[in-house]
Amino acid sequence: MQYGAAAEQAWYMPAAMAAAVSAAVETAAERVERLAAESAVVVFSVSSCCMCHAVKRLFCGMGVHPTVHELDLDPRGRELERALARLVGGVAPVVPVVFIGGKLVGAMDRVMAAHINGSLVPLLKEAGALWL
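Residues numbered from 1 in each chain as written. Predicted model: local features only at pLDDT ≥ 70, side-chain atom pairs only at ≥ 80, totals over all residues. Heavy atoms only, no water.

Let me state the cut-off plainly: UniProt positions are given in the numbering used here, feature names are shortened, and annotations may be inferred rather than shown by experiment.
An unreviewed UniProt entry annotates the protein as Glutaredoxin domain-containing protein originating from Zizania palustris. Of the comments in the UniProt record for the protein, the one headed Function (unreviewed entry) reads "Has a glutathione-disulfide oxidoreductase activity in the presence of NADPH and glutathione reductase. Reduces low molecular weight disulfides and proteins." Recorded in UniProt for the protein, the comment headed Subcellular location (unreviewed entry) runs: "Cytoplasm".

What follows is the structure, given as structure tokens:
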């Protein structure tokens, strides 16, 4: 037997308990926002993606160790992928998606453009990920 959403189950729960359960349910967008704010550099990735590997290597080569969330290994990875696609303005899932200092940088093209034009290092320093 499958159960519905917490709000549908509230009929047998005391009001205080139902409110706590509803508050505990986190949307994919809220989870992305929370995870992005937990570290100086956060990469949402898929473990078999070559572009994801390249962006992770770029950061490691700079001495930055990002927090990496592999969406294909996360039970709610598909939901997170859709939320990330909405954030970067794409219809199709776009990985890698990078956050620096809790702020969205974007996909691989934006990260590489920032690296080439010299604006990536200041972003990393400002976020406390790089001390050069």
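Once the structure has been displayed, the description carries forward.
### Examining the sheet that holds strand E1 (residues 41-45)
Put simply, the rule is: Strand pairing is defined by DSSP finding a minimum of two bridges between the two strands. For helices the rule is a DSSP run of H or I covering at least 4 residues; for strands it is a run of E covering at least 2, with both sets numbered from the N terminus onward. Axis definition: a line fitted to C-alpha atoms, limited for helices to the stretch in contact. Angles are taken between N-to-C directions and run from 0 to 180 degrees. Contacts between residues were defined by any pair of non-hydrogen atoms, one from each residue, lying within 4.5 Å.
Spatially, E2-E1-E3-E4 is the arrangement adopted by the four strands of the open sheet, whose pairing is mixed. Taken across any chain shown, the strands that pair with only one partner, and hence form the sheet edges, are strand E2 (67-70) and strand E4 (103-106). Adjacent strand axes in the sheet meet at a mean angle of 25° when their direction is disregarded. The strands touched by helix H4 (residues 50-61) are E1, E2 and strand E3 (97-100); relative to E1, the strand with the most contacts, the crossing angle is about 165°. Across the sheet, helix H5 (residues 77-88) lies against E1, E3 and E4, angled at about 70° from E3, the strand it touches most.

### Brief notes about the side chain of Lys56
Worth spelling out the cut-off: Here a polar contact is taken to be a pair of N or O atoms separated by no more than 3.5 Å, where protein atoms must pair a possible hydrogen donor with a possible acceptor and residues adjacent in sequence count only if both atoms sit in side chains.
Structurally, Lys56 is set in helix H4. Of the polar contacts made by the side chain of Lys56, one reaches the side chain of Glu70; its length is 2.8 Å. Those residues within four positions of Lys56 in sequence are excluded, and the remaining contacts are Val43, Ser45, Val68 and Glu70.

### Focus: the packing of helix H3 (residues 28-37) against H5
Quick reminder of the rule: Note on angle classes: values under 35 degrees are labelled roughly parallel, values over 145 roughly antiparallel, values of 65 to 115 roughly perpendicular, and the remainder oblique. Residues are sorted three ways: Asp, Glu, Lys and Arg are charged, Ala, Val, Leu, Ile, Met, Phe, Trp, Tyr, Cys and Pro are nonpolar, and all the rest, Gly among them, are polar.
Between H3 and H5, the shortest axis-to-axis distance is 8 Å and the interhelical angle comes to 80°. In terms of their interaxial angle, H3 and H5 are classed as roughly perpendicular. Of the residues in H5, those in contact with Ala28, Ala29, Arg31 and Val32 of H3 are Glu79, Leu80, Ala83, Leu84 and Leu87. Taken together, the residues of the contact of H3 with H5 break down into seven nonpolar, no polar and two charged.

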